[in-house]
Amino acid sequence: AQKVTQAQTEISVVEKEDVTLDCVYETRDTTYYLFWYKQPPSGELVFLIRRNSFDEQNEISGRYSWNFQKSTSSFNFTITASQVVDSAVYFCALSDPSGTYKYIFGTGTRLKVLA
Amino acid sequence: DAGVTQSPTHLIKTRGQHVTLRCSPISGHKSVSWYQQVLGQGPQFIFQYYEKEERGRGNFPDRFSARQFPNYSSELNVNALLLGDSALYLCASSHGHSVYGYTFGSGTRLTVV
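A. Main features of the interface of chain A and chain B. Across the boundary between the two partners, chain A contributes 19 residues, which contact 22 residues of chain B. The contact between chain A and chain B buries some 1700 Å² in all, and 56% of this surface belongs to carbon and sulfur atoms. If you look at where chain A meets chain B, you find 0 salt bridges. There are 5 residue pairs in polar contact (both at pLDDT 80 or more) connecting chain A and chain B. At the level of secondary structure, the elements contributing two or more residues to the side of chain A that touches chain B comprise β5 (33-39), β6 (46-52), β10 (88-95) and β11 (103-105) of chain A. Tallying contributions element by element places β5 of chain A first for the side of chain A that touches chain B, with 4 residues.

B. Quick look at the packing of aromatic side chains. Enumeration according to the criterion identifies 25 aromatic pairs over all chains in this entry. A centroid spacing of 5.8 Å and a plane angle of 70 degrees characterise the contact between tyrosine 37 of chain A and phenylalanine 47 of chain A, whose relative ring orientation is edge-to-face. One end of the pair, tyrosine 37 of chain A, is in strand β5; the other, phenylalanine 47 of chain A, is in strand β6, and 10 residues separate them in sequence. The class for tyrosine 37 of chain A is buried, based on a relative accessible area of 0%. The class of phenylalanine 47 of chain A is partly exposed, set by a relative accessible area of 36%. Ring geometry for phenylalanine 47 of chain B and tyrosine 49 of chain B: centres 6.2 Å apart, planes at 50 degrees, overall tilted. Each of the two residues, phenylalanine 47 of chain B as well as tyrosine 49 of chain B, counts as buried.

C. Here's a closer look at the nonpolar core. Grouped together as the largest cluster of nonpolar side chains are 25 residues, with contacts concentrated most on Trp36, Trp66, Phe77, Tyr90 and Leu111 of chain A. Going through the elements one at a time, β2 (10-14), β3 (19-21), β5, β6, β8 (64-69), β9 (74-79), β10 and β12 (109-114) of chain A are the ones with two or more residues in this core. Per element, the largest residue contribution to this core is 4 residues, and it comes from β10 of chain A. If you look at the next biggest cluster of nonpolar residues, it comprises 22 residues, including Val19, Trp34, Phe47 and Leu110 of chain B.

How each quantity is defined
Residues numbered from 1 in each chain as written. Chains lettered and ligands numbered in written order. Predicted model: local features only at pLDDT ≥ 70, side-chain atom pairs only at ≥ 80, totals over all residues. Heavy atoms only, no water. Contact = heavy atoms within 4.5 Å. Buried area = accessible area lost by both parts, 1.4 Å probe. Salt bridge = Lys/Arg side-chain N within 4 Å of Asp/Glu carboxyl O. Polar contact = N/O pair within 3.5 Å; in protein donor to acceptor, adjacent residues only side chain to side chain. Helix = DSSP H or I, 4+ residues; strand = E, 2+ residues; numbered from the N terminus. Phe/Tyr/Trp six-rings, centres within 6.5 Å; stacked < 30°, edge-to-face > 60°. Buried < 20%, exposed > 50% of the residue type's maximum accessible area, 1.4 Å probe, protein only. Core = buried A, V, L, I, M, F, W, Y, C linked by side-chain atoms within 4.5 Å.

Okay, structure coming up:
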């Protein structure tokens, strides 16, 4: 069965600190896709990144970076020099490329960035 | 360009009632999915429609139903509401398969009293 685990329920950091959000996934598929979404208080899920299972290159986008390691089934997300606007709930999700293409979401990590 | 729009934004219903939630996908998107997000949890998959056909259904009772119209908008219907149906209902659209990444709406907050 597919599963996504975000063990960190809530993280609080002071502005300008770096923070890493952990994501561990389980799947028997050899081809799959991983995603990170941000959910601000407004409720809308904002797409951040998509990674397919054949691409293990780390990615950096501004203050955001992602570390994908198939060996440990992890897809971690780091925010460098955090800002108050980064405060939100962050979800990691797994999608299989066949069937319904549904997303399996983790339970989310609430990030609080304090000024 | 308009994003995924959902209506209403908030709704209060009584146990046993029926509710209809509506979703308009991004122009050109043919796939619509519905998710239920209970407070403090991640979204749970309910339905996916592509080209007006149901492509998948999550582990939800038959009280939940949906449909997609020729203009690709969609409705989610829930009958015989229970207190446990209180949640944020999210609609998401994409061009095709979800590998491209869904765009989510802001959701409908349903409270059942």
